[in-house]
Amino acid sequence: LLMKRFWGIPNLGELGRYVRILHSLCRMGTRFGEALIGPLSGSDVHQQVLALAGLEELARALGLPKYKQSSPEELALAARLAERLAQPPKEHRDPISLGKIVNQVAAFLTHDNADLREPSIRIMGLVQAQAYVDQIRECLQHSESSTRVAAISALGEIGDGNSIEVLVEAAR
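Quick summary incoming for the structure in this document. Here the structure is a predicted model, which is why all the values come from computation and not from measurement.

**Brief notes about the overall build of the protein**
Counting its regular elements, the protein contains ten helices and zero strands. When the elements of the protein are put in sequence order from the N terminus, they spell out α-α-α-α-α-α-α-α-α-α. Out of the 172 residues belonging to the protein, those deemed buried represent 43%.

Here it is as structure tokens:
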């Protein structure tokens, strides 16, 4: 029932109205993430965008670093989630599943659609996906400034010491 309601969200602007559903799904931990892999690998862009939004919130719920937003809607959602979003129990934090999810998300790091590319970059930062640092660095050269900002943020979240020079250069 929760997944049916999640997939019924008409657009990302409405995500804030569905905080309780998202909260409940995130409490499922990586099981929620696994449920998003199928639609993420499909061809329906709306479902892919929603899947990435769910995965981004899941990454935050897993208690991985800071909460970074890029829009007022995301800030409002973050405020509501911060009040209610408890971390999933340890038994719902499967590192093997998380690895599969991260590998699936990585396919979108260079996607043409910013609505898919940018959340993917942010997710990589939130889960501190060290293995994808080189691909994230490449995003610093992207023509869209919002992609460059997402890449800077992700590299900062990952904390890769080798990215310092690249980040300083990107800031110029």
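More follows now that the structure is in view.
**Considerations on the nonpolar core**
The biggest cluster of nonpolar side chains holds 43 residues, and the ones touching the most others in it are Phe6, Phe32, Leu55, Val105, Ile121, Met124 and Ile136. Put simply, the parts of the chain that give this core at least two residues each are α2 (19–26), α3 (30–40), α4 (45–61), α6 (95–106), α7 (114–126), α8 (133–138) and α9 (145–158). Top element by residues in this core is α4. It accounts for nine residues. Apart from residues lying up to four places away in sequence, Ile136 is in contact with Ile121, Met124, Ala151, Ala154, Leu155 and Ile158.

**With respect to α4**
Counted at 1.5 Å a residue, the expected span for α4 with its 17 residues is 24 Å, and the 24 Å between its end C-alpha atoms agrees. Most of α4 sits out of view: 14 of its 17 residues are buried. Where α4 starts, the residue carrying a side-chain oxygen 2.9 Å from the main-chain nitrogen of His46 turns out to be Asp44.

**A closer look at the packing of aromatic side chains**
With the rule as written, the count across this model stands at two aromatic pairs. Ring centres of Phe6 and Trp7 lie 5.0 Å apart, and the angle between their planes is 70°; this geometry places the pair in the edge-to-face category. Relative to Phe32, the ring of Phe6 lies with its centre 5.6 Å away and its plane at 85°, an arrangement referred to as edge-to-face. Within this pair, whereas Phe6 is found in helix α1 (residues 2–7), its partner Phe32 is found in helix α3, the two being separated by 26 residues in sequence. Phe32 matches Phe6 in its accessibility class, with the two residues each being buried. Among the aromatic residues, ring-to-ring pairing joins Phe6, Trp7 and Phe32 into one connected group.

**Re the environment of Gln128**
Within the element layout of this structure, Gln128 appears in the loop between α7 and α8. A sequence separation of 27 residues divides Gln128 from Leu155, and the C-alpha atoms of the two residues are 8.4 Å apart.

**Focus: the packing of α7 against α9**
Between α7 and α9, the shortest axis-to-axis distance is 7 Å and the interhelical angle comes to 10°. In terms of orientation, α7 and α9 fall into the roughly parallel class. Two secondary-structure elements touch here, α7 through Arg117, Glu118, Ile121, Arg122, Met124 and Gly125 and α9 through Ser146, Thr147, Ala150, Ala151, Ala154, Glu157 and Ile158.

**Observations regarding the pattern of salt bridges**
Scanning the entire structure with this criterion turns up seven salt bridges. The salt bridge involving Glu14 is made with Arg17; its shortest N-O contact spans 2.6 Å. Its relative accessible area of 22% is what places Glu14 among the partly exposed residues. Among the residues examined, Arg17 registers a relative accessible area of 66% and is labelled exposed.

Analysis parameters
- Residues numbered from 1 in each chain as written.
- Predicted model: local features only at pLDDT ≥ 70, side-chain atom pairs only at ≥ 80, totals over all residues.
- Heavy atoms only, no water.
- Helix = DSSP H or I, 4+ residues; strand = E, 2+ residues; numbered from the N terminus.
- Buried < 20%, exposed > 50% of the residue type's maximum accessible area, 1.4 Å probe, protein only.
- Core = buried A, V, L, I, M, F, W, Y, C linked by side-chain atoms within 4.5 Å.
- Contact = heavy atoms within 4.5 Å.
- Expected span 1.5 Å × (residues − 1).
- Polar contact = N/O pair within 3.5 Å; in protein donor to acceptor, adjacent residues only side chain to side chain.
- Phe/Tyr/Trp six-rings, centres within 6.5 Å; stacked < 30°, edge-to-face > 60°.
- Axes fitted to C-alpha atoms, helices over the stretch in contact; angles between N-to-C directions.
- Parallel < 35°, antiparallel > 145°, perpendicular 65-115°, else oblique.
- Salt bridge = Lys/Arg side-chain N within 4 Å of Asp/Glu carboxyl O.

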